[in-house]
Amino acid sequence: MSNETAILPESTELTDGFHLIMEALEMNGIDTIYGLLGIPVTELGRLWQARGNRFYSFRNEVNAGYAASFAGYLTKKPGVCLTVSAPGFLNGLNALANATTNCFPMILISGSSEREIVDLQQGDYEEMDQLNMARPYAKASYRINRVEDIGVGVARAMRAALSGRPGGVYLDIPARLLGQTVDAVEGGNSLFAPVDMSPAQLPAPDAVARAVELIKGAKKPLILLGKGAAYAQCDEQIKALIEETGIPFTPMSMAKGLVPDTHPQCAAAARSLALKESDVVVLVGARLNWLLSHGKGKTWGGAKKFVQIDIQANEMDSNVKIDAPLVGDIESCVSALRAGLKGMATSTDWTGALAEKVAASKSKLNARINTATPAMNYANSLGAIRDVLKNYPDITLVNEGANALDNCRMIVDQYLPRRRLDSGTWGIMGMGMGACVAAASVTDKPVVAVEGDSAFGFAGMELETITRYDLPVTVIIMNNGGIYRGDENSPAHQVSCMLFNPATRYDKMMESFGGKGVRVTTPEELAAALEASIKSGKPTLIDAVIDPAAGVESGRIGNLNVVSQIGKK
Ligand code: OXK
Ligand code: ADP
Ligand code: TPW
Ligand code: MG
């Protein structure tokens, strides 16, 4: 790699690609980068910190990428991840693809090698055609080749990540660009702060009228809140729509807390009944993908009409007919619906039936939570976690695993918007530690992660990152010794492909990094350890020993699994 420097008279004050990129990011409101450094971007990280900005340095780019994407989700501003070329880029690309899939705004910036050598495949240092590799996984991909294009390049990346449906954007920064120099005044003048990057998009009046008519005519209406609704940050509008109309609602996992789970209109604990029996369903920032059984089949019961609020026009009819599409930003659409639905009341037969089911489900669940078992199971351990966390509604809860995910989502209530980060649309494992760093860096408040032992293992080394930055993060490992279960029989002379080493002490791992490690075997010990760690504000890992026999395959989505019938009776 070579650093090309233009030859200019000595008296001219110069700037270079490094400085112009940093200034452009700052002008766009970016003050934090998540990444992992090396050739050719090491100096960019150093200079960024020297300017007083924050750099969270990770142990693997994928985790930095997850952090950037969750920071983007939480702040409605693209999270920025910085990586080195080829292998670093590829590690980051996983997170970029996940961000795009989840509609989180993120920018992956990677250094890249010399174009002339890469394009002739002459074997440059970390050679790879990164721009083209990124295209299918990103919402947009750009390369900046000239210093004078840095302002436009960064603005374009920001706008692509934020406008319309948010997503992941790749920005390719050739090593040569970083070292390129230009007259400082000229360079400075080429930068600008873009205006109105996420513009309001008003729904058409006839579309609003169609939706209003449908909802008003409903006997059993239901509002389904998705993470798009949480992302939109119009929490009061959404709550007002729900309360003014009396329509019951159910949240998708990351929309939990947008309106409190304990709200009288929350039908989460009657989810199956609500989905099946409803006649008009209003989707607010939620796609009818696999998580919603594609809007059809026995989950949805009989005839159903859908109203869908989404900024992405071609999301409509993607799985089933949308009877009243409302294309626009959620705040504008919800406010238009509120105006049209003034005076609407929802039948108490419907809300009463749901409330009855909610009460029955809650008492059934509480009975399970309150049943002591010789070894902790998911219900009684998560019940203990729930009871501690209800006193700390402001904490961000990070959650991944299979049983550890599904039981936590069901048992632990959320009270405030955007306080739950999880494996999202892909059910991706490994997002947890990045999400912890993102939440701590964005909120400056305590973070609690409930992690399956497998899920945690994808990013365990980031415990060092958490301790290095002294973040107020408590990681709880639901340690059942395996994927789904820890008691699977192993074939002769082998260890089952679903099992982990039962001697593993995750608490000791944390201690080795200077954090606090605790091992607990009862709900009481778990509650005490969690309470103490939240109060301490210090990096803590609680190794919660769970009955190896407690889990079920794939948690609540075992129905999606494929099992061979050959040789089975
Ligand atoms: C909910 N429920 C409750 C409560 N809340 N009961 C009592 N009290 C409270 N507070 C009830 C609810 O009514 C449901 O029962 C049940 O608990 C489960 O609710 P919920 O909301 O979790 O819904 P469900 O049916 O499990 O599934 C919806 C889902 C969700 C698909 C959107 O499961 C989900 O987000 N899944 C993500 C799965 C995932 O990504 N896994 C990671 C990878 S696993 P009923 O009686 O009303 O039905 C994997 O990849 O491989 O194994 C792999
Ligand atoms: P969930 O997994 O919670 O069901 P999804 O990720 O499937 O949620 O859906 C989120 C949807 O929200 C996406 O279709 C996205 O286009 C939409 N969305 C995101 N932000 C906005 C916004 N500000 N206005 C309208 N729609 C939005
Ligand atoms: C990137 C497949 C889904 S859930 C899971 C795996 C490996 C782990 C479940 O075990 P865990 O939880 O975390 O110990 P528990 O409580 O049920 O025992 N690779 C990626 N993503 C996914 N989803 C998988 C693999 C998977
Ligand atoms: Mg496990």
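Draft legend 1. Seen up close, the coordination of the magnesium ion (ligand 4). Every protein donor of the magnesium ion (ligand 4) is listed here as Asp453 (OD), Asn480 (OD1) and Gly482 (O), and their distances to the metal cover 2.1 to 2.2 Å. Coordination of the magnesium ion (ligand 4) draws on donor residues from a single chain, spaced D-x26-N-x1-G in sequence. With Asp453 in helix H19 (residues 453-457) and Asn480 in the loop between strand E17 (473-479) and helix H21 (506-512), this pair connects stretches of sequence that are 27 residues apart. Judged by relative accessible area, Asn480 falls into the buried class, the value being 3%.

Draft legend 2. View of helix H18 (residues 432-443). Here H18 contains 12 residues, and its C-alpha end-to-end distance of 16 Å stays within 8% of the 16 Å for a straight helix at 1.5 Å per residue. The buried fraction of H18 amounts to 10 of the 12 residues, a majority that puts the element mostly inside the structure. Of all the residues in H18, the buried ones are Gly432, Met433, Gly434, Ala435, Cys436, Val437, Ala438, Ala439, Ala440 and Ser441. Count one or two residues on from H18 and you reach Asp444, which has phi positive near 60 degrees.

Draft legend 3. Broad picture of the pattern of salt bridges. Using the criterion set out here, one finds 30 salt bridges in the structure. The residue Asp206 makes a salt bridge to Arg210 at a minimum N-O spacing of 4.0 Å. Placement of the pair is Asp206 and Arg210 together in helix H10 (residues 205-216), with a separation of 4 residues, close to one helical turn. A relative accessible area of 49% places Asp206 in the partly exposed class. Asp387 is the partner of Arg386 in a salt bridge, and the nearest nitrogen-oxygen pair spans 3.2 Å. Connected via shared salt-bridge partners are Arg59, Glu464 and Arg468.

Draft legend 4. Expanded view of the packing of helix H1 (residues 17-27) against helix H2 (residues 42-50). With their axes 10 Å apart at the nearest point, H1 and H2 run at an angle of 50 degrees to one another. Looking at the two axes, H1 sits oblique to H2. Pair H1 / H2 crosses with right-handed handedness. The segment H1 lies against H2, with Phe18, His19, Met22, Leu25 and Glu26 engaging Glu43, Leu44, Leu47 and Trp48. Split by residue class, the contact of H1 with H2 holds 6 nonpolar, 1 polar and 2 charged.

Draft legend 5. The site of ligand 2, seen in detail. Taken together, 18 residues surround ligand 2, and among them Arg165, Lys227, Arg287, Asp310 and Ile330 come closest. Here ligand 2 has 570 Å² of accessible area as a free molecule, and 96% of this is covered by the chains. The leading source of residues in the shell around ligand 2 is helix H11 (residues 227-231), at 3 residues. Looking at the shell around ligand 2 residue by residue, the classes come out as 7 nonpolar, 6 polar and 5 charged.

The rules behind these values
- Residues numbered from 1 in each chain as written.
- Chains lettered and ligands numbered in written order.
- Predicted model: local features only at pLDDT ≥ 70, side-chain atom pairs only at ≥ 80, totals over all residues.
- Heavy atoms only, no water.
- Donors = N, O, S within 2.8 Å, 3.2 Å for Na, K, Ca; no water.
- Helix = DSSP H or I, 4+ residues; strand = E, 2+ residues; numbered from the N terminus.
- Buried < 20%, exposed > 50% of the residue type's maximum accessible area, 1.4 Å probe, protein only.
- Expected span 1.5 Å × (residues − 1).
- Salt bridge = Lys/Arg side-chain N within 4 Å of Asp/Glu carboxyl O.
- Axes fitted to C-alpha atoms, helices over the stretch in contact; angles between N-to-C directions.
- Parallel < 35°, antiparallel > 145°, perpendicular 65-115°, else oblique.
- Left-handed = near helix turned anticlockwise from the far one by under 90°.
- Contact = heavy atoms within 4.5 Å.
- Nonpolar A, V, L, I, M, F, W, Y, C, P; charged D, E, K, R; others polar.
- Near = heavy atom within 4 Å.
- Areas by Shrake-Rupley, 256 points an atom, 1.4 Å probe, with all protein chains shown as cover.

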